[in-house]
Amino acid sequence: MINAALLNFEGQAYPHLEEAFLTKPDRSVTEIPSTKELRAAWETVNSKLATHIDHLSTDQWFEKHSAVSEEDFVKEPHRNRLNVLIGRTNHMQYHMVR
């Protein structure tokens, strides 16, 4: 799942999932949301992302993402929205073929 905030679309939709799936090691969190709740969150986030992605112009794909400062982006223009999408897609593909 791509974080919409990273692409400068909107704020983080499910901050309560961050600990269980981003900041803590696997199996270290005792309470994990149900499959039903995760599926609903997945569908909501993907729907919102699709809407935002459909409305981006070519130039907007090459704008900086939210995890890079203006100063660093000048030095490293490859740290843009398009590379976030490509990187996350490649990461998901890695897990799917294993």
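Here the structure is shown first, and the text comes after it.
What counts and what doesn't
- Residues numbered from 1 in each chain as written.
- Predicted model: local features only at pLDDT ≥ 70, side-chain atom pairs only at ≥ 80, totals over all residues.
- Heavy atoms only, no water.
- Helix = DSSP H or I, 4+ residues; strand = E, 2+ residues; numbered from the N terminus.
- Buried < 20%, exposed > 50% of the residue type's maximum accessible area, 1.4 Å probe, protein only.
- Areas by Shrake-Rupley, 256 points an atom, 1.4 Å probe, with all protein chains shown as cover.
- Lys, Arg positive; Asp, Glu negative; His and termini not counted.
- Charge placed at Lys NZ, Arg CZ, Asp CG, Glu CD.
- Core = buried A, V, L, I, M, F, W, Y, C linked by side-chain atoms within 4.5 Å.
- Contact = heavy atoms within 4.5 Å.
- Salt bridge = Lys/Arg side-chain N within 4 Å of Asp/Glu carboxyl O.

What to know about the overall build of the protein
For step 1, the next point in the chain: When helices and strands are counted, the protein shows five helices and zero strands.
For step 2, the next point in the chain: Listing the helices and strands of the protein from first to last along the sequence gives α-α-α-α-α.
For step 3, the next point in the chain: Dimensions of the protein, computed from the C-alpha atoms along their principal axes, are close to 40 × 30 × 25 Å.
For step 4, the next point in the chain: Taken over 98 residues, the protein has a buried fraction of 21%.
For step 5, the next point in the chain: Accessible surface computed for the protein: about 7300 Å², of which carbon and sulfur atoms make up 53%.
For step 6, the next point in the chain: Counting 11 positive and 14 negative side-chain charges, the protein places the averaged centre of each group 6 Å from the other.

Remarks on unusual backbone geometry
For step 1, the next point in the chain: Here the phi dihedral of Asn8 falls at roughly 65°; this positive angle occurs in a residue that is not glycine.
For step 2, the next point in the chain: The topology assignment puts Asn8 in the segment before helix H1 (18-23).
For step 3, the next point in the chain: Phi at Arg27 takes a positive value of approximately 65°, unusual for a residue other than glycine.
For step 4, the next point in the chain: Here Arg27 is to be found in the loop between H1 and helix H2 (35-54).
For step 5, the next point in the chain: Residue classification places Arg27 among the exposed positions, given a relative accessible area of 83%.

Structural notes on the nonpolar core
For step 1, the next point in the chain: One finds Ala4, Leu6, Leu7, Phe9, Val45, Leu49, Leu56, Trp61 and Val84 forming the largest nonpolar core, which totals nine residues.
For step 2, the next point in the chain: When residues no more than four places from it in sequence are discounted, the contact partners of Trp61 are Ile53, Leu56, Asn80, Arg81, Leu82 and Leu85.

Concerning the pattern of salt bridges
Two side chains that carry opposite charge are able to pair once their charged atoms sit near each other.
For step 1, the next point in the chain: Under the criterion given, the structure shown has four salt bridges.
For step 2, the next point in the chain: Close ionic contact of Lys48 with Glu10 constitutes a salt bridge, the shortest N to O distance being 3.5 Å. Placement of Lys48 in helix H2 and of Glu10 in the segment before H1 is noted, with a sequence separation of 38 residues between them.
For step 3, the next point in the chain: By relative accessible area, which is 37% here, Lys48 ends up partly exposed.
For step 4, the next point in the chain: Arg81 is paired through a salt bridge with Glu63; the nearest N and O atoms lie 3.4 Å apart. Within this pair, whereas Arg81 is found in helix H5 (residues 81-97), its partner Glu63 is found in the loop between helix H3 (58-61) and helix H4 (70-75), the two being separated by 18 residues in sequence.

Focus: the environment of Phe9
For step 1, the next point in the chain: Following the sequence through the fold, Phe9 ends up in the segment before H1.
For step 2, the next point in the chain: Sequence separation between Phe9 and Ser66 is 57 residues, and the spatial gap between their C-alpha atoms is 9.5 Å.
For step 3, the next point in the chain: Once residues within four sequence positions are removed from consideration, Phe9 is found in contact with Ala4, Leu49, His52, Ile53, Leu56 and Arg81.

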